[in-house]
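Coordinate inspection notes
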Amino acid sequence: MAKILIPTPLRQFADKKDSVQLPGSTVGEVLKSLTGQYSELRRHLYNDEGKLRSFVNVYVNDEDIRYLNKEATPLTDGDTVSIVPSIAGGSAGVAAPPAPPATLSKDEILRYSRHLIMPEVGMEGQLKLKAAKVALIGTGGLGAPLGMYLAAAGIGRIGLVDFDVVDFTNLQRQVIHGTKDVGKKKLDSAAETMLDINPYVEIDRHEVALTSENALDILKDYDIVVDGTDNFPTRYLVNDACVLLKKPNVYGSIFRFEGQATIFAYPGGPCYRCLYPEPPPPGLVPSCAEGGVLGILPGTVGLIQATETVKLILGIGEPLIGRLVLYDALAMRFRELKLRRNPECPVCGDHPTITKLIDYQEFCGIPTQTHEEKPMDGDIEPTEVKAKIDRGDRFVLIDVREPHEYQICNIPQAKLIPLGDLPKRVNELNSADEIIAHCKSGMRSAKAVDFLKQAGFKKVRNMKGGILAWSDKVDPSVPKY
Amino acid sequence: MIKIQKTAWEKMVSHVEGTFPKEGCGLMIGSDGVVAEAVPLPNAYTGPQEDFFVIDPKDLHRVDQESRQRGLDVLGVFHSHPDCDAYFSKRDLEHSCPWFSYVVLSIKKGRFDHANSYRPDFDQTEAPKEELIYG
């Protein structure tokens, strides 16, 4: 028998009593009687696994049971058991950079004047920015504004990861690269622009594709990772690497007119897998190259990421942790979704099953290179299609792209039936005819071929590489997009 | 919602301005969501107190007992963030308890700047802001 004192906030669950006498010869038994009598108290005191919650301290008289025999601590009549929550906390500088450099030079003071006169940044904040090391994955749509503004803001060291080359289709949004840079390595072009904006920034160039083999090694030297990638395997890779390294992942993604941003993998906060445990089936979510993107969109989203990065370093404001910002450019609206860490998450949960980096191509269901090189059954080369046209062979060429793409360029002999319309327009085709389908690069027309085969068409083939390959191999006057 | 009466609020602010640049802490007691009295307590953390605080459970136990005798309840905890905004930090969340309101006071360069109040959840994953009225 022991007396249990009920803490104020819990009395409402115990018939408003401030103490109760309960049977039991150990602390565990008495607490069991307590939660048996007042079942609502159970979830306050115990977690789902039946363990005392981390904020619950139990005292027998004046002794904390952690220093006695824990829940097996014996009780004698007349003992008093107290439930006392543990209370602690603290501001905990985020990604606290090591001792900041002592001073800024006279030129730097002039350069950062508009930061220095704001008390929220000031000399102290500017020195934090200078001491910070940020890894930027990708120097494309999101990476462009990120690289430029993070450099301008005076981040001391920025690590760029990219292995791509600037091409003309990049220039509509990747403002860190210019027309003169087409053909140049994106790393060099980006670094050149950033150093022009701010020569005081140190830039590390990692000219590699981020992989499971190199990610931890590259990212371990930085305080914060900013994800500017555009594909699922790299997104999961960056996420998992950040969780394992305990580094915040400032995330952004864009598609057509919509964008998202949040901070993942902040210790205690959710990660990308808490939001999306599984990748979508390959091909379901089109990339920007397939679906297009408003050129300005990555500017808006990339700058949300840049803002959050700078806030994390300075320790000011409310960080975008556990909140997903959704931006709709057409409606010009921002919305916010709450995100929570999933205790069952395979990588950041309470019992993680993923404790090292995995094969992300395989995880995302993307066939490996050797598969792709194997000629697909039913593929036909654009040159062969051209020869058939020239010979006057009887066949039907269908273009399964969208009408607005058809307006950009087309093959005059082709009949336009957008992939989405194919099921209802399939009666326009004759299964006795030989049919060849094409699209922009061969992905959608492969789906069209599958669909037609299932609908009973026998003689259907896919023009390999789409109209882009047609432009390369048959008619260079056809513009590429 | 939590409402803090003027004298209690002034005691809280003056306590955490006094502990600056270290974190200061204490308990708030009262009834029906109105804080009538602030009880400043020593920061019991044995490491660097610039960004961490601990309330000695014995202090909490004692204040809880004393306030019960006077018909009052412990409604919440207050602590300061020196030279840092009044958000609910990762460390706050990791050490939080859902039974109380957590008032965080931002103290910049030794002076009170702003404050927020939070109600953490059971799993220490989230702490929604609640309305805070003081003065």
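Residues numbered from 1 in each chain as written. Chains lettered and ligands numbered in written order. Predicted model: local features only at pLDDT ≥ 70, side-chain atom pairs only at ≥ 80, totals over all residues.

Moving on to the overall build of chain A. Looking only at helices and strands, chain A has 19 helices and 19 strands in total. In chain A, which comprises 481 residues, the share counted as buried stands at 37%. Taking the intrachain contacts of chain A between residues at least 6 apart in sequence as the baseline, contacts between residues at least 24 apart amount to 65%. (Helix = DSSP H or I, 4+ residues; strand = E, 2+ residues; numbered from the N terminus. Buried ≥ 20, exposed ≤ 12 C-beta atoms within 10 Å, placed from the backbone. Contact = placed C-beta atoms within 7 Å.)

This part is about the overall build of chain B. Counting its regular elements, chain B contains 3 helices and 9 strands. If you list the helices and strands of chain B from N to C, you get β-α-β-β-β-α-β-α-β-β-β-β.

To continue, consider the interface of chain B and chain A. The parts lose accessible area when they come together, and the size of an interface is often stated as this lost area. The interface is formed by 34 residues belonging to chain B together with 32 residues belonging to chain A. Of all the secondary structure elements, the ones that give two or more residues to the side of chain B that touches chain A are strand 4 (53–55), helix 2 (57–69), strand 5 (73–82) and helix 3 (90–94) of chain B. Looking at the side of chain B that touches chain A, its residues break down into 15 nonpolar, 7 polar and 12 charged. Where strand 6 (residues 87–89) of chain A meets strand 4 of chain B, 3 bridges bridge the pair, whose relative direction is antiparallel. Residue A:Gly89 lies in a different strand from strand 4 of chain B, and its bridge partner there is B:Phe53. (Nonpolar A, V, L, I, M, F, W, Y, C, P; charged D, E, K, R; others polar. Pairing = 2+ DSSP bridges.)

Now for the confidence of the model for chain B. Taken residue by residue, chain B gives an average pLDDT of 90. The fraction at 70 or more is 100%. Here the predicted complex scores 0.56 on pTM and 0.83 on ipTM. (pLDDT = per-residue confidence, 0-100.)

Further remarks concern the sheet that holds strand 2 (residues 19–22) of chain A. Residue and element names in this part refer to chain A. Read across the sheet, 5 strands follow the order 2-1-5-3-4 without closing on themselves; strand pairing throughout is mixed. Each edge of the open sheet is held by one strand with a lone partner, namely strand 2 and strand 4 (63–64). In the sheet, strand 1 (residues 2–5) pairs with strand 5 (residues 80–85) via 3 bridges, with the strands oriented parallel. Following the sheet pairing, Ile 4 is matched in strand 5 by Val 81.

Right, let's talk about the packing of helix 6 (residues 143–153) of chain A against helix 12 (residues 297–314) of chain A for a bit. Residues and elements named next belong to chain A. Remark: helix 6 packs on helix 12, axes separated minimally by 8 Å, with the N-to-C direction vectors making an angle of 35°. Considering how the two elements wind past one another, helix 6 and helix 12 form a crossing that is right-handed. When helix 6 is examined against helix 12, the residues Ala 144, Pro 145, Leu 146, Tyr 149, Leu 150 and Ala 153 are found in contact with a partner set consisting of Pro 298, Gly 299, Gly 302, Leu 303, Gln 305, Ala 306, Thr 309 and Val 310. (Axes fitted to C-alpha atoms, helices over the stretch in contact; angles between N-to-C directions. Left-handed = near helix turned anticlockwise from the far one by under 90°.)

This brings us to the sheet that holds strand 19 (residues 460–463) of chain A. Residues and elements named next belong to chain A. Pairing in this open sheet of 5 strands is parallel, and the strands run 15-19-18-16-17 from one edge to the other. For this open sheet the edge positions go to strand 15 (379–380) and strand 17 (415–416), each flanked by a neighbour on one side alone. By the bridge criterion, 3 bridges tie strand 18 (residues 435–438) to strand 19 in an arrangement that is parallel. Residue Ile 436 lies in a different strand from strand 19, and its bridge partner there is Arg 461. Packed on one face of the sheet, helix 18 (residues 443–454) meets strand 18 and strand 19 and runs near 175° to strand 19.

Here we come to the nonpolar core. Among the nonpolar cores identified, the biggest contains 69 residues, and A:Val134, A:Ala135, A:Leu150, A:Ile155, A:Val225, A:Val226 and A:Cys271 are the most heavily contacted of them. Judged by nonpolar contacts, the second largest core, of 56 residues, contains A:Ile4, A:Ile87, B:Met12 and B:Cys25. (Core = buried A, V, L, I, M, F, W, Y, C linked by C-beta atoms within 7 Å.)

The next thing to look at is the pairing of strand 3 (residues 34–41) of chain B. Residues and elements named next belong to chain B. Of the pairings in the sheet, the one linking strand 1 (residues 2–4) to strand 3 comprises 2 bridges and is parallel in character. From the neighbouring strand, Ile 4 faces strand 3, where its bridge partner is Val 35. In terms of strand pairing, strand 2 (residues 25–31) meets strand 3 through 7 bridges, oriented antiparallel. For Ser 31, the partnering residue across the bridge sits in strand 3 and is Val 34. Taken together, strand 2 and the strand that follows it, strand 3, pair antiparallel across an intervening segment of 2 residues, in which Asp 32 is found at a positive phi of about 50°.

Before going further, it helps to examine helix 5 (residues 122–131) of chain A. Three or more residues of helix 5 of chain A are buried, namely A:Gly125, A:Gln126, A:Leu127, A:Lys128, A:Leu129 and A:Lys130. For helix 5 of chain A, the secondary structure elements touched by its buried residues are helix 4 (113–116), helix 6 and helix 12 of chain A.

All names here are of chain B. Between its terminal C-alpha atoms helix 1 (residues 6–19) stretches 20 Å, which fits the 20 Å expected from 14 residues at 1.5 Å a residue. Buried within helix 1 are the following residues: Ala 8, Trp 9, Met 12, Val 13, Val 16 and Thr 19. Projected down its long axis, helix 1 shows its buried positions confined to an angular sector of 135°, all on one face. Exposed residues on helix 1 whose side chains face more than 90 degrees from its buried face are Lys 6 and Thr 7. (Expected span 1.5 Å × (residues − 1). Arc of directions from axis to C-beta.)

This paragraph deals with the packing of helix 5 of chain A against helix 12 of chain A. All names here are of chain A. Following both chains from N to C, one finds helix 5 and helix 12 inclined at 110°, their axes separated by 9 Å at the closest point. As summarised for this structure, helix 5 and helix 12 are arranged roughly perpendicular, according to the angle between their axes. Helix-helix and strand crossings are classified by hand; for helix 5 and helix 12 the assignment is right-handed. When helix 5 is examined against helix 12, the residues Gly 125, Lys 128 and Leu 129 are found in contact with a partner set consisting of Val 310, Ile 313 and Leu 314. Classifying every residue of the contact of helix 5 with helix 12 gives 4 nonpolar, 1 polar and 1 charged. (Parallel < 35°, antiparallel > 145°, perpendicular 65-115°, else oblique.)

Let us look at the environment of A:Val293. All names here are of chain A. Take Val 293: it is sitting in the loop between helix 11 (288–291) and helix 12. The class for Val 293 is buried, based on 20 C-beta atoms found within 10 Å. The sequence separation of Val 293 and Gln 172 amounts to 121 residues, and the corresponding C-alpha distance is 9.5 Å. Leave out the neighbours within four places in its chain, and Val 293 touches Gly 141, Arg 173, Ile 254, Phe 255, Arg 256, Cys 288 and Pro 298.

What follows concerns the confidence of the model for chain A. Low-confidence regions, as indicated by low pLDDT, have predicted coordinates that should not be scrutinised in detail. All names here are of chain A. Averaged over every residue, the pLDDT of chain A is 89; the share at 70 or more is 95%. Here helix 14 (residues 369–373) is the element of chain A with the lowest mean pLDDT, 43, and helix 6 is the one with the highest, 98. When the criterion is pLDDT under 50, residues 93–100 qualifies, and its contacts beyond four places in sequence or with other chains add up to 18 contacts. Segment residues 369–375: pLDDT under 50, and 1 contact once partners within four positions in sequence are set aside and those in other chains are kept.

Bringing unusual backbone geometry into the picture now. Along the chain, B:Phe20 connects to B:Pro21 via a cis peptide bond; the corresponding omega equals 5°. The phi torsion at A:Lys16 lies on the positive side, around 60°, for a residue other than glycine. Residue classification places A:Lys16 among the exposed residues on the basis of 8 C-beta atoms within 10 Å. Positive phi, close to 50°, is recorded for B:Lys109, a residue that is not glycine.

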